[in-house]
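Descriptive analysis of the structure
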Amino acid sequence: MRSTAQPQPRVQTLKFLSVDCMEKLRDEFVFHLDVLLKQSRPGYKNPDVKLRAFPPDRRLCVYTVLKEYIKRTEILRVHTKQLLISYIKPHKAVTCSTISRWIKVVLQKSGIDTRQFSAHSVRSAATSKAKLYNVSLADIMSKAGWTNVNTFATFYNKRIINSNSFDVNVLNN
């Protein structure tokens, strides 16, 4: 059975997501990338970025949130067609640094140690956490877009420390 998992995009990829190169389907948004990215090489076609609906919980559903974001930012998107724009006037396209800062805030609010993981290591944080919860290595590699198990073992398999273990154990006992 062939996996339909999409690789996790890099910050640079997120910067180049454009509403002009976006398809809104019934249960997913598909972004086509036609720019040179860090990982671009001769003969390489950038994979589409697919953001799928998560029906079990609309609060966690990127499709629902993105649909609302596009609706709310449409009138602000005067100077750019880039998906991610600044919430500060004049609402221009954001930089990779801004996206990284936003990701770091989300990591912190998710309880991830940002001294160990940065916005550029979301892939490490997500895949290491998945391994901690016994997600199969095949599933981890598929979601991350890797074909070589050594890539995960060498560069991405980080030790996860549960910084809330004291609090959780005290409150639960």
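Residues numbered from 1 in each chain as written. Predicted model: local features only at pLDDT ≥ 70, side-chain atom pairs only at ≥ 80, totals over all residues. Heavy atoms only, no water.

Re the sheet that holds strand β2 (residues 28-31)
Strand pairs in the sheet, formed through backbone hydrogen bonds, run parallel or antiparallel to each other. Note the cut-off: At least two bridges found by DSSP between two strands is the condition for calling them paired. Numbering goes from the N terminus for both helices and strands, where a helix is a DSSP run of H or I of at least four residues and a strand is a run of E of at least two. Only C-alpha atoms enter the line fits that serve as axes; for helices the fit covers just the stretch in contact. Angles between N-to-C directions range over 0 to 180 degrees. Between two residues, a contact is recorded if the distance between any of their heavy atoms is within 4.5 Å.
Reading across the sheet, the three strands line up as β1-β2-β3 and stay open at both edges, with antiparallel pairing between neighbours. Taken across any chain shown, the strands that pair with only one partner, and hence form the sheet edges, are β1 (22-24) and β3 (49-52). On average, each strand axis in the sheet is inclined to that of its neighbour by 15 degrees, with strand direction left out of account. Relative to β2, β1 runs antiparallel, the two being bridged by three bridges. What sits directly across from Lys 24, in β2, is Phe 29. Strands β1, β2 and β3 of the sheet are contacted by helix α2 (residues 62-73), whose axis makes an angle of about 70 degrees with β2.

Some thoughts on the nonpolar core
Selection rule: Residues grouped as a nonpolar core are buried Ala, Val, Leu, Ile, Met, Phe, Trp, Tyr and Cys residues, joined through side-chain atoms within 4.5 Å. A simple rule labels every residue: compare its accessible area, found with a 1.4 Å probe on the protein chains alone, to the largest value its type can have, and call it buried under 20%, exposed over 50%, or partly exposed in between.
If you look at the biggest cluster of nonpolar residues, it comprises 18 residues, and the most contacted ones within it are Leu 17, Phe 29, Phe 31, Leu 66, Leu 83, Ile 99 and Ile 103. Of all elements in the fold, only β2, α2 and α3 (96-109) reach the threshold of two or more residues within this core. With sequence-adjacent residues up to four places away left out, Leu 66 is seen in contact with Phe 29, Phe 31, Leu 51 and Leu 83.

Some points on unusual backbone geometry
Backbone torsion omega between Lys 89 and Pro 90 reads 10 degrees, so that peptide bond is classified as cis. If you trace the backbone, Pro 90 turns up in the loop between α2 and α3. The residue His 91 is not glycine, and still its phi comes out positive at about 60 degrees. With respect to the helices and strands, His 91 occurs in the loop between α2 and α3. The phi torsion at Asn 134 lies on the positive side, around 60 degrees, for a residue other than glycine. Checked against the element boundaries, Asn 134 lands in the loop between α4 (122-132) and α5 (137-144). You can call Asn 134 exposed: its relative accessible area is 70%.

Regarding the packing of aromatic side chains
We apply this condition: Between the rings of Phe, Tyr and Trp (Trp by its six-membered ring), a pair exists once the centres lie within 6.5 Å; its type follows the angle of the planes, with under 30 degrees stacked, over 60 edge-to-face, and the other angles tilted. Any Lys NZ or Arg CZ found within 6 Å of a ring centre and within 35 degrees of that ring's normal is scored as a charge over the ring.
On inspection of all chains with the given rule, the structure shows two aromatic pairs. Geometrically, the ring pair formed by Phe 29 and Tyr 63 is tilted, given 4.9 Å between the ring centres and 40 degrees between the ring planes. A residue pair is termed long-range when its members are at least 10 positions apart, and Phe 29 in strand β2 and Tyr 63 in helix α2 qualify at 34 residues. Taking relative accessible area as the criterion, Phe 29 reaches 1% and is therefore assigned buried. Plain terms: the ring middles of Tyr 87 and Trp 102 are 6.2 Å apart, the flat faces sit at 25 degrees to each other, and that makes the pair stacked. Pair noted here: Tyr 87 is in the loop between α2 and α3 and Trp 102 is in helix α3, with a separation of 15 residues, a long-range link. The cationic tip of Lys 15 hangs over the ring face of Phe 16; the distance from NZ or CZ to the ring centre is 4.9 Å.

What about the confidence of the model for the protein?
Heads up, the condition is: Every residue carries a pLDDT, the predictor's confidence in it, which falls somewhere between 0 and 100.
For the protein, per-residue confidence averages 78 on the pLDDT scale, and residues scoring 70 or more make up 76% of the total. Confidence scores differ between elements of the protein, with helix α7 (residues 165-172) showing the lowest mean pLDDT of 42 and β1 the highest of 95. In the model, residues 1-7 has pLDDT below 50 throughout and makes 13 contacts with residues more than four positions away in sequence or in other chains. pLDDT under 50 marks residues 165-173. Its contacts with residues more than four places away, or in other chains, come to zero contacts.

Here we look at the environment of Tyr 69
Counting through the fold element by element, Tyr 69 comes out in helix α2. A relative accessible area of 23% places Tyr 69 in the partly exposed class. For the pair Tyr 69 and Leu 83, spaced 14 residues apart in the sequence, the C-alpha separation amounts to 9.3 Å. Those residues in contact with Tyr 69, other than ones at most four positions away along the chain, are Arg 77, Leu 83, Leu 84 and Ile 85.

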